[in-house]
Amino acid sequence: MSSSTRSTRPFLLALLPIAGLLFAACGSSATPAPSGGGAGAPAGAVVYAVGADPTTLDPQATDDGNERAVNDNIYETLVLRNGATSAFEPGLALSWTLKDPTTWTIKLRPNVKFTNGAAMNADAVVYSVTRIIDPALKSAQFSYLNSITGAKKVDDLTVDLTTDGPDPILPAQLTWLKVIDPTYAKTADFASKPVGTGPYKFVEWKKGQSVTLTANTDYWGTKPAIKDVTIRVIPEINTRLQALKANELDLTANLSPELMSQAPATATQRSIEMYEVYMANTSTGKPFADKATRQAAQYAVDKEGLLKSLFAGHGTVQQGQIIRDDWAGFNPNLKPYAYDLNKAKTLLAGKTPSIKLVGEAGRWLKDKETLQAVASMLGQAGFKVTLDIQEFGAWVSTLFLPNDQKVDAIWASTSADLLDGDRPLTQTICGSKQVDWCNKTYTDLVNKARVTTDAKARQDLYNQATALQFEESPILYLINPDDIYGMSAKLVWKPRLDGKILFKEMSLK
Amino acid sequence: MLTFLARRLAYSLIVIGGVLVVVFVTTRLIGDPARIILPATASQADYELQRSRMGLDQPILAQFFVFVAGAVRGDFGESLWDRGSSAMGLVVERIPATLQLVFAGVGLAMAISIPAGILAARRPRSLLDRVITLLSLAGFSVPNFLLAMVLIIVFAVGLGWFYTSGFGTIRHLVLPAVAVALPVAGRMTQFVRSTMIDEFSRPYIATARSKGVSEPAIAVRHALRNAAIPILTLGGWEFTRQLAGYTVAVEVVFAWPGVGQLASQAILRRDFTVIQADVFLVAIIVLVINLIIDLLYTVLDPRVKMV
């Protein structure tokens with residue numbers, strides 16, 4: 001008997017790890033609230049989940065929303081936007097005025113310090129500009145700032161910025177340019193331990209897990225209400241939703257409409273994404289060569305229906321232009337093409353054009369579903385649509401095919417990060433890569449507008465350009481979906497029109 | 001022994017060379033990182049500038065030679081997104097988290113499957129055997145990402161025992177380890193069961209029984225000892241298989257900061273250098289583990305000779 005008891009021990013030993021796990025589970029379930037993941041954390045703490053680790057915490061190097069989620073709260077820009085109207089507001093600059101057509105004078109806010117004690121002054125601004133436009137930095141943000149040629153200190157709180165031509169978009173560009181401390185920027189820690197002038201200070205970055213911030217008690221502006229902030233990396237949207245339900249999170253972005261009812265609370269705001277289809281090939285003999293066929297496509301698509309059926313109504317129909325009504329360049333006189341199947345059929349005049357429509361899946365909310373619906377609606381009007389959903393990389397290559405190889409139509413989403421009509425409208429000028437459509441008058445109007453610094457004159461040019469584009473229809477206007485945020489029941493926050501997540505604008509119930 | 005090691009090393013070098021070529025070619029087939037880092041509305045001039053900044057405007061052969069020359073020194077260059085960070089450094093700092101998950105997961109799987117397999121093998125076709133077989137089939141039939149989501153919904157959201165995601169404590173580790181373990185345990189239980197049934201039918205077991213050795217002692221000291229080599233082989237195979245990519249889905253669902261999550265991000269961003277460093281390092285680890293397992297055979301079975 002004794003030998004038998006002894007030899008059962010290996011069995012029991014083998015079971016020990018399982019018992020250990022169960023014990024750990026039961027033991028910790030007795031404790032009232034978890035802390036490591038953030039749930040039940042002390043008052044004054046907010047946890048925000050993003051989908052990926054920041055690629056770097058150098059605020060000038062890359063174009064990465066996960067980096068911005070952190071650095072938009074640590075660093076500040078010269079110019080800000082109002083979250084509800086997109087109007088410009090003073091940031092680190094108190095004013096920005098045109099001195100001559102290619103020089104802007106920036107007056108800086110006095111008595112602002114970086115959290116390491118260094119002064120925010122003209123030297124810091126000059127360095128910040130010089131560094132980001134230096135090709136050696138290889139900044140991926142250069143496409144937002146490529147008109148700036150230099151910066152010169154006038155006095156301690158005044159800087160002159162020069163541009164390569166008259167540039168009406170400069171104030172919008174300055175909402176991107178983060179001001180850094182010249183001395184600290186040269187240290188090895190700069191790309192991993194950011195130091196700015198903003199409402200939050202950097203605490204720790206655990207790669208692949210989280211970045212933690214704490215309120216900057218010496219902040220020059222309104223002091224933030226929330227003390228501790230954790231930005232967690234959770235790649236999977238379903239996990240983010242579950243973490244929200246388990247009270248481990250307070251906020252996450254990019255929720256899909258179907259998941260909204262599961263979140264403790266939600267908020268929506270219009271996104272910067274403009275869904276569209278380029279009627280890319282308008283060369284002679286091709287289906288979209290004539291205007292009537294392009295307009296027929298406009299009438300064939302039920303934009304309201306798309307929003308209702310796919311986005312639970314969370315979005316807006318584009319107003320006959322790929323410009324949102326709070327962006328510079330919006331033409332208030334244009335209305336969307338109505339959904340009118342009879343008119344579409346009349347315009348097609350019995351023709352059944354065969355078109356190839358290319359798109360991608362997974363990059364934007366409901367991109368594939370939107371495209372499938374559009375294809376089927378075009379089909380009802382008489383188009384014979386061949387739908388080709390490609391992998392993202394392949395789709396990007398298709399989008400930029402040279403004119404002689406262009407597909408008939410291709411889906412895209414324009415994201416105007418500068419909240420300005422220039423970039424969306426430039427996509428359809430002669431020589432652009434997105435469409436082969438080339439209208440001299442339109443191109444002249446857009447090119448003239450981008451060097452017209454008088455706001456009213458510039459708007460007049462855009463009103464003409466957008467009206468011409470609407471009539472000629474090289475773009476099938478679709479919708480502007482909303483950003484959908486999942487929130488905890490205790491978070492008080494209103495999402496911004498520029499999509500920035502600013503923790504200083506949040507509070508807790 | 002030395003000739004064995006030399007032959008294995010030469011063989012490993014060939015494998016690594018093959019891995020380098022395949023990873024270089026496939027990363028260049030999945031798309032253009034310059035397009036992905038820029039907004040879709042960027043101009044052609046911006047795009048070409050971005051390409052040259054990423055070194056992608058060089059001829060493909062020149063890129064390949066730079067790549068191989070760096071790879072032999074373990075230098076895969078900078079991350080295309082995080083300029084200034086070495087691609088290999090980014091991968092190396094994620095290895096411990098993945099190792100922790102794989103050790104916990106495969107360890108748990110062995111802790112489940114060895115006793116379960118032995119119990120099932122002792123009375124084939126008994127009720128206990130049928131229940132164990134059914135459970136093990138269920139275990140390896142469930143996709144791990146689905147299992148992961150179910151575990152989160154039941155044990156993290158519903159019961160609140162564990163965290164939904166994240167890293168650091170035992171309460172973060174349990175659910176991902178179970179998600180890795182159950183499919184592995186399912187396969188291994190079946191394997192242990194059939195191996196043990198074979199052993200139980202051998203003459204030396206009958207001899208041991210006739211001498212009055214207790215059943216548990218027969219199972220563990222005699223049969224399991226002889227079944228150890230095939231079980232260890234399978235365990236090693238499961239271990240390397242998990243390391244080489246099967247944990248990616250689990251790491252992504254549980255936000256586990258390991259190489260799997262890094263690799264999936266790098267692929268989305270077309271960060272060539274990080275993907276290359278990742279595949280290279282994992283290939284090396286797999287080769288080393290296989291070598292260790294081969295060496296372990298000699299310990300477990302003196303009849304195995306390394307030639």
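Computed from a predicted structure; not experimentally measured. (Residues numbered from 1 in each chain as written. Chains lettered and ligands numbered in written order. Predicted model: local features only at pLDDT ≥ 70, side-chain atom pairs only at ≥ 80, totals over all residues. Heavy atoms only, no water.)

Engineer: Looking at this structure, how should I read the overall build of chain B?
Structural biologist: Of the regular secondary structure elements, chain B holds 14 helices and zero strands. Listed N to C, the secondary structure of chain B is α-α-α-α-α-α-α-α-α-α-α-α-α-α in terms of helices and strands. Across the 307 residues that make up chain B, the buried fraction comes to 52%. Taking all contacts inside chain B whose residues are at least 6 apart in sequence as the whole, residues at least 24 apart take part in 73%. Approximately 13700 Å² of chain B is accessible, and the part contributed by carbon and sulfur atoms is 70%. (Helix = DSSP H or I, 4+ residues; strand = E, 2+ residues; numbered from the N terminus. Buried < 20%, exposed > 50% of the residue type's maximum accessible area, 1.4 Å probe, protein only. Contact = heavy atoms within 4.5 Å. Areas by Shrake-Rupley, 256 points an atom, 1.4 Å probe, with all protein chains shown as cover.)

Engineer: What am I meant to see in the packing of helix H8 (residues 144-158) of chain B against helix H9 (residues 170-200) of chain B here?
Structural biologist: Relative placement of two packed helices is described by the angle separating their axes and the distance separating the axes. All names here are of chain B. Direction vectors running N to C along H8 and H9 enclose 140°, while the axes themselves pass 9 Å from each other. When the interaxial angle is binned, H8 and H9 end up oblique. Of the two possible hands of crossing, H8 and H9 adopt the one that is right-handed. Contact with H8, carried on its side by Asn144, Leu147, Ala148, Leu151, Ile152, Phe155 and Ala156, involves Leu175, Val178, Ala179, Leu182 and Pro183 of H9 and no other residues of that element. Class assignment for the residues of the contact of H8 with H9 results in 11 nonpolar, one polar and no charged. (Axes fitted to C-alpha atoms, helices over the stretch in contact; angles between N-to-C directions. Parallel < 35°, antiparallel > 145°, perpendicular 65-115°, else oblique. Left-handed = near helix turned anticlockwise from the far one by under 90°. Nonpolar A, V, L, I, M, F, W, Y, C, P; charged D, E, K, R; others polar.)

Engineer: Any chance you could explain the sheet that holds strand S15 (residues 354-360) of chain A here in plain terms?
Structural biologist: Neighbouring strands of a sheet are bound in pairs by backbone hydrogen bonds; such pairs are parallel or else antiparallel. Residue and element names in this part refer to chain A. Read from one edge to the other, the open sheet built from five strands follows the order S16-S15-S17-S13-S18, with strand pairing classed as mixed. Every interior strand has two partners, whereas the edge strands, strand S16 (384-390) and strand S18 (475-477), have only one. Taken pair by pair, the neighbouring strands of this sheet meet at an average axis angle of 30°, ignoring direction. Pairing geometry for S15 and S16, over seven bridges, is parallel. In the strand pairing of S16, Gly359 is matched with Ile389. Helix-sheet contacts for helix H13 (residues 392-399) involve strand S13 (273-278), S15, S16 and strand S17 (409-415), and the interaxial angle to S17 is about 100°. (Pairing = 2+ DSSP bridges.)

Engineer: What am I meant to see in the nonpolar core here?
Structural biologist: The nonpolar side chains of soluble globular proteins are, as a tendency, buried together. Residues and elements named next belong to chain A. The biggest cluster of nonpolar side chains holds 78 residues, and the ones touching the most others in it are Phe383, Trp395 and Leu478. Examining the composition of this core, we find that seven residues originate from one element, helix H12 (residues 367-381), more than from any other. Look past the residues within four positions of Leu478 in its chain and what remains in contact with it is Tyr275, Glu276, Val277, Val301, Lys303, Leu306, Val317, Gln318, Thr370 and Val374. Counting residues in each nonpolar core, the second largest holds 66 residues, with Leu57, Val195, Tyr200 and Ala267 among its members. (Core = buried A, V, L, I, M, F, W, Y, C linked by side-chain atoms within 4.5 Å.)

Engineer: What is the right way to read the packing of helix H15 (residues 440-449) of chain A against helix H16 (residues 455-472) of chain A from this model?
Structural biologist: All names here are of chain A. Closest axis-to-axis distance for the H15/H16 pair is 9 Å, and the angle between their directions is 150°. Looking at the two axes, H15 sits roughly antiparallel to H16. The two elements H15 and H16 meet at a crossing, and its hand is left-handed. Between H15, through Thr441, Tyr442, Leu445, Val446, Lys448 and Ala449, and H16, the contact on the second element is made entirely by Arg458, Leu461, Tyr462, Gln464, Ala465, Leu468 and Gln469.

Engineer: Whenever I open this one, the domain arrangement of chain A confuses me. Can you help?
Structural biologist: Interface size, as often reported, equals the accessible area lost upon joining of the parts. Residue and element names in this part refer to chain A. When its domains are assigned, chain A resolves into domain 1 (12-29 + 41-226 + 488-508) and domain 2 (273-482). Across the boundary between the two partners, domain 1 contributes 15 residues, which contact 14 residues of domain 2. In total, about 1300 Å² of surface goes out of reach between domain 1 and domain 2, with carbon and sulfur atoms giving 60% of it. Counting the surface domain 1 buries against domain 2, the share from its top three residues, Tyr144, Pro168 and Ile169, is 40%. Taken together, domain 1 and domain 2 are joined by zero salt bridges. Our enumeration of links across domain 1 and domain 2 arrives at four residue pairs in polar contact (both at pLDDT 80 or more). Put simply, the parts of the chain that give the side of domain 1 that touches domain 2 at least two residues each are helix H5 (142-145) and helix H6 (170-174). In terms of residue class, the side of domain 1 that touches domain 2 is made up of eight nonpolar, four polar and three charged. (Domains from an automatic or database assignment. Buried area = accessible area lost by both parts, 1.4 Å probe. Salt bridge = Lys/Arg side-chain N within 4 Å of Asp/Glu carboxyl O. Polar contact = N/O pair within 3.5 Å; in protein donor to acceptor, adjacent residues only side chain to side chain.)

Engineer: Would you explain the pairing of strand S4 (residues 93-100) of chain A in this entry?
Structural biologist: Where a strand is regular, its side chains alternate between the two sheet faces. Residue and element names in this part refer to chain A. Examined bridge by bridge, S4 and strand S5 (residues 103-108) share six bridges and lie antiparallel to one another. Among the inter-strand pairings, Ser95 is bridged to a residue of S5, identified as Lys107. As consecutive antiparallel partners, S4 and S5 are separated by two residues.

Engineer: For this particular structure, what's the right way to read the interface of chain B and chain A?
Structural biologist: Counting from both sides, the interface comprises 56 residues of chain B and, opposite them, 64 residues of chain A. Inspection of the chain B/chain A interface yields four salt bridges. Counting the contacts that link chain B with chain A gives seven residue pairs in polar contact (both at pLDDT 80 or more). When contributions to the side of chain B that touches chain A are tallied by element, the ones reaching two or more residues are helix H2 (33-37), helix H3 (44-53), helix H6 (95-122), H8, H9, helix H11 (215-246), helix H12 (248-253) and helix H13 (259-269) of chain B. Per-element tally for the side of chain B that touches chain A: the top contributor is H6 of chain B, with six residues.

Engineer: Can you help me understand the packing of aromatic side chains in this one?
Structural biologist: Between two aromatic rings, the relevant description is the distance of the centres plus the angle of the planes. All names here are of chain A. Counting across every chain of the model gives 25 aromatic pairs over all chains. When the ring of Trp364 is compared with that of Trp411, the centres are 6.2 Å apart and the planes differ by 75°; the resulting orientation is edge-to-face. Of this pair, Trp364 sits in the loop between S15 and H12 while Trp411 sits in strand S17, and the two are 47 residues apart along the sequence. Exposure class is identical for Trp364 and Trp411. Each is buried. (Phe/Tyr/Trp six-rings, centres within 6.5 Å; stacked < 30°, edge-to-face > 60°.)

Engineer: When you look at the pattern of salt bridges in this model, what are you seeing that I'm missing?
Structural biologist: Pairs can form between side chains of opposite charge whenever their charged atoms are close. For the structure on display, the rule yields 32 salt bridges over all chains. Between Arg94 of chain B and Asp53 of chain A there is a salt bridge, with the nearest N and O atoms lying 3.5 Å from each other. Linking Arg94 of chain B in the loop between helix H5 (87-92) and H6 with Asp53 of chain A in the loop between strand S1 (45-50) and helix H3 (65-74), this pair reaches from one chain into another. Of the two residues, Arg94 of chain B and Asp53 of chain A, neither departs from the other in class, the shared state being buried. With a shortest N-O distance of 2.6 Å, Arg209 of chain B and Glu215 of chain B are connected by a salt bridge.

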